[in-house]
Amino acid sequence: MNELSAFENFKANVDKAAKILNIPESDYSRLKYCERELLVSVPVEMDDGTIKVFEGCRVQHSSLRGPCKGGIRYHQEVNLDETRALAGWMTFKCALANLPYGGAKGGIAVNPSELSERELEKLTRRYTLRILPFIGPNKDVPAPDVGTDPHIMDWVMDTYSSMKGYTIPGVVTGKDIEIGGSLGRNEATGRGVTTIVKEFLKINNISPADTTVVVQGLGNVGSISAKYIHELNCKIVAVSDVSGGIYNPDGLDIPSIFEHVKKRNLLSTYDKGEFKRITNEELLLTPCDILIPAALQNQITKSIAEKIQTKIIVEAANGPTTSNADEVLAKKHIPVIPDILVNAGGVIASYCEWVQNMQAMRWTVKQVNEVVQSHLIESLNLLIKTSQDYKISFREAAYVVALDRLVKAYRLRGIFP
Ligand SMILES: NC(=O)c1ccc[n+]([C@@H]2O[C@H](COP(=O)([O-])OP(=O)(O)OC[C@H]3O[C@@H](n4cnc5c(N)ncnc54)[C@H](O)[C@@H]3O)[C@@H](O)[C@H]2O)c1
């Protein structure tokens, strides 16, 4: 069977959840469409004086439960279908975490590493101008994603505020702390991944010291997850980034690797201690207890799933497992803890940042971490209970919990006009 596109896959999961809950098509069909899609072209005068036009978009999947919320991605493969799926996943992620948000996503098809700082700033400011009528603290609140970071969010905030004539920090989350960013936001997704790993091991009476872990991707999410999971006392035996992976069955020196990649160095230039270099495919097939894909979507395909040797998959990236791979993993009894739960720490901390901005308040890092942790643990427990009650997979349970909340909101709000 051919793999479904990312958005087809999202819709198939929504249909599956509706069937489990016995919800008629007319009560949830709106979730199979995006409310609004904006395609933009972004001209940039490059450092050499030439003008290059980049293509991007902003997709608002749903504003049913509150302002749309979702990241901005800079990556050469950004396209509309993938952005629709990412926006839909945000709607379900926010509903599962019980945040008062809908879902959105945006992006530009660009390789940000090929742009100078000045070009990146121009690109970001012009993109912000293009999407400006559609975003706002009560409408649609962007955040960082693959290829974007706090500094890029600072430019989004400054451009939006400059055009409105006053400072509006709540238009975007994941900003630098000095201009309204929240303590704890930058680390929240990786910390959240660690919380899920820790709780899951505790629930299953497994000691972290007896647990081997493999992490794919060493960006914001992967590197911080690796750092905290190592501190949890698990043994991380393999890690990778876009340049390839490294493996040591006795465990890798994670603090040293973290310092290396934190400075934006590729793993291919890391040369401390003992390890073997491996490809990204070999990394996914490394025998381990927990595999954490934390890079991009569609990494665990059917053919990888057939050969995979992990006991559990914890999806830190969005959409790392294809639908065909999911079926193979189910047959092999390999549980998959789904992305919309595992990486929700980022959006929960974004919510904390937005609440602080809207109220002109400052919270401590302890307050933020407590909110993130309590939302995640509550969602994990509900997901496990739902999976047991209905005898369904964790992914199906995550969609069931979220869909139930979304459909209740539709029924209460009705349809206008
Ligand atoms: N940043 C957040 O707060 C956040 C929140 C929720 C979900 N996510 C999701 O987590 C994932 C990673 O996001 P990020 O913010 O860490 O991005 P990032 O740009 O900081 O890092 C991406 C990492 O993946 C690596 N990579 C790229 N292609 C690869 C490949 N083929 N094989 C192995 N590694 C590869 C890159 O080298 C880099 O280390 C994405 O799916 C994103 O949507 C991010």
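Before reading further, recall that the structure is shown in the block above.
Keep in mind that this is a model prediction, so the values were computed, not measured. Numbers given to residues run from 1 along each chain, matching the order in which its sequence is written. Totals for whole chains, interfaces and linings use all residues, but because this is a predicted model, local features are given only for residues with pLDDT of at least 70 and pairs of side-chain atoms are given and counted only at 80 or more. To obtain the side-chain values, all non-hydrogen atoms of the structure were used and water was disregarded.

S.K.: Can you help me understand helix α14 (residues 365–390) in this one?
M.R.: The α-helix advances 3.6 residues per turn, and as a result positions three or four apart in sequence lie on the same side. Helix length check: α14, at 26 residues, gives a terminal C-alpha distance of 37 Å against a target of 38 Å (1.5 Å per residue), a fit within 8%. Buried residues are those whose accessible area, probed at 1.4 Å on protein chains only, stays under 20% of the maximum for their type, while exposed residues exceed 50% and partly exposed ones sit between those limits. Secondary structure elements follow DSSP: runs of H or I of four or more residues count as helices, runs of E of two or more count as strands, with numbering from the N terminus. Burial in α14 covers these residues: Val368, Asn369, Val372, His375, Leu376, Ser379, Leu380, Leu383, Ile384, Thr386 and Ser387. Contact partners of the buried residues in α14: α3 (80–96), α6 (185–203), α12 (339–342), α13 (345–359) and α15 (394–413). The span expected for a helix works out to 1.5 Å for each residue beyond the first. Two residues qualify as a contact provided that any one of their heavy atoms is within 4.5 Å of a heavy atom in the partner residue.

S.K.: Looking at this structure, how should I read the site of the ligand?
M.R.: A molecule or strand has a residue near it when one of that residue's heavy atoms lies within 4 Å. Taken together, 24 residues lie near the ligand, and Arg73, Asp145, Thr189, Val221 and Asn318 sit nearest. Within 3.5 Å is the distance limit for a polar contact, defined as a pair of N or O atoms, with the added protein rule that one can donate a hydrogen and the other accept it, and that residues adjacent in sequence qualify only through two side-chain atoms. Within the side chain of Thr189, an N or O atom sits 2.8 Å from an oxygen atom of the ligand. Measuring from an oxygen atom of the ligand, one finds a backbone N or O atom of Ala295 at 3.3 Å. Note on areas: Shrake-Rupley, 1.4 Å probe, and residue coverage restricted to the protein chains presented here. If the ligand stood free it would expose 830 Å²; the protein chains cover 84% of that surface. Taken together, the residues of the shell around the ligand sort by class into nine nonpolar, eleven polar and four charged. Residue ranges labeled as domains rest on an automatic or database domain assignment. Two domains each donate at least three residues to the shell around the ligand, and these are domain 1 (36–182) and domain 2 (187–342). In this classification, the charged set is Asp, Glu, Lys and Arg, the nonpolar set is Ala, Val, Leu, Ile, Met, Phe, Trp, Tyr, Cys and Pro, and all remaining amino acids, among them Gly, are polar.

S.K.: Just to check I follow, could you spell out the side chain of Arg405 for this structure?
M.R.: With respect to the element layout, Arg405 can be found in helix α15. Aside from chain neighbours lying at most four places away, what touches Arg405 is Arg65, Ala95, Leu96, Ala97, Asn98 and Leu382.

S.K.: Where do I start with the packing of aromatic side chains in this structure?
M.R.: For any pair of aromatic rings, geometry is given as the distance between the ring centres together with the angle between the planes. Any Phe, Tyr or Trp ring, taking Trp's six-membered ring, that has another such ring centre within 6.5 Å forms a pair; planes under 30 degrees apart are called stacked, those over 60 apart edge-to-face, and the others tilted. Counted by the stated rule, this structure contains nine aromatic pairs. Members of the aromatic cluster, connected to one another through ring pairs, are Phe7, Phe10, Phe92 and Tyr399. Here, over-ring charges are defined by two tests on the NZ atom of lysine or the CZ atom of arginine: distance to the ring centre within 6 Å, and angle to the ring normal within 35 degrees. One residue, Arg30, lies across the ring of Tyr410, its end atom 3.9 Å from the ring centre. The lysine or arginine in question, Arg191, covers the ring of Tyr228, its NZ or CZ lying 4.5 Å from the ring centre.

S.K.: Can you help me understand the packing of α6 against α13 in this one?
M.R.: Each packed pair of helices is defined by two parameters, the angle between the axes and the distance between the axes. One way to put it is that α6 packs onto α13 with a least axis distance of 7 Å and a crossing angle of 150°. Classified by chirality, the crossing of α13 by α6 is right-handed. From α6, Arg185, Ala188 and Thr189 reach across to α13, where they touch Gly345, Gly346, Ala349, Ser350 and Glu353. Split into classes, the residues belonging to the contact of α6 with α13 amount to two nonpolar, four polar and two charged. Only the stretch in contact is used when a helix axis is fitted, and all axes are lines through C-alpha atoms; the angle between N-to-C directions ranges over 0 to 180 degrees. Here a crossing is taken to be left-handed if its near helix is turned anticlockwise relative to the far helix by less than a right angle, and right-handed if that turn runs clockwise.

S.K.: Looking at this structure, how should I read the environment of Tyr101?
M.R.: Topologically, Tyr101 is positioned in the loop between α3 and β4 (103–108). Sequence separation between Tyr101 and Lys19 is 82 residues, and the spatial gap between their C-alpha atoms is 25 Å. Leave out the neighbours within four places in its chain, and Tyr101 touches Arg65, Gly66, Pro67, Lys69, Cys94, Val347, Ser350, Tyr351 and Trp354.

S.K.: Even after reading the chapter, I still don't get a nonpolar patch on the surface, so can you show me in this structure?
M.R.: What makes a patch is a set of residues exposed beyond 30% relative accessible area and free of salt bridges, joined within 9 Å when like-charged and within 5 Å when nonpolar (Val, Leu, Ile, Met, Phe, Trp, Tyr). Salt bridge, as applied in this entry: a Lys or Arg side-chain nitrogen positioned within 4 Å of an Asp or Glu carboxyl oxygen. A contiguous nonpolar patch, built from Ile177, Leu183 and Val365 and spanning about 210 Å² of accessible area, is present on the exposed surface. Mapping Ile177 onto the fold places it in the loop between α5 (150–164) and α6. The partly exposed category is assigned to Ile177, whose relative accessible area is 35%.

S.K.: How should I be thinking about the environment of Val78 in this particular structure?
M.R.: With respect to the helices, strands and loops of the structure, Val78 is situated in the loop between β3 (68–74) and α3. Separated by 315 residues in the primary sequence, Val78 and Ser393 have C-alpha atoms spaced 29 Å apart. What Val78 contacts, discounting residues up to four positions off in sequence, is Arg73, Thr83, Gly107, Ile108 and Ala109.

S.K.: Just to check I follow, could you spell out unusual backbone geometry for this structure?
M.R.: Trans is the common state for peptide bonds, and a negative phi is the common state for residues other than glycine. The omega torsion of the bond from Phe416 to Pro417 falls at 0°, within 30 degrees of zero and hence cis. When you line up the elements, Pro417 lands in the segment after α15. A positive phi angle, near 60°, is found at Asn98, a position not held by glycine. Within the fold, Asn98 resides in the loop between α3 and β4. In this structure, Lys391 is a non-glycine residue whose phi angle is positive, near 55°. By secondary structure assignment, the location of Lys391 is in the loop between α14 and α15. When its relative accessible area of 74% is taken as the criterion, Lys391 is described as exposed.

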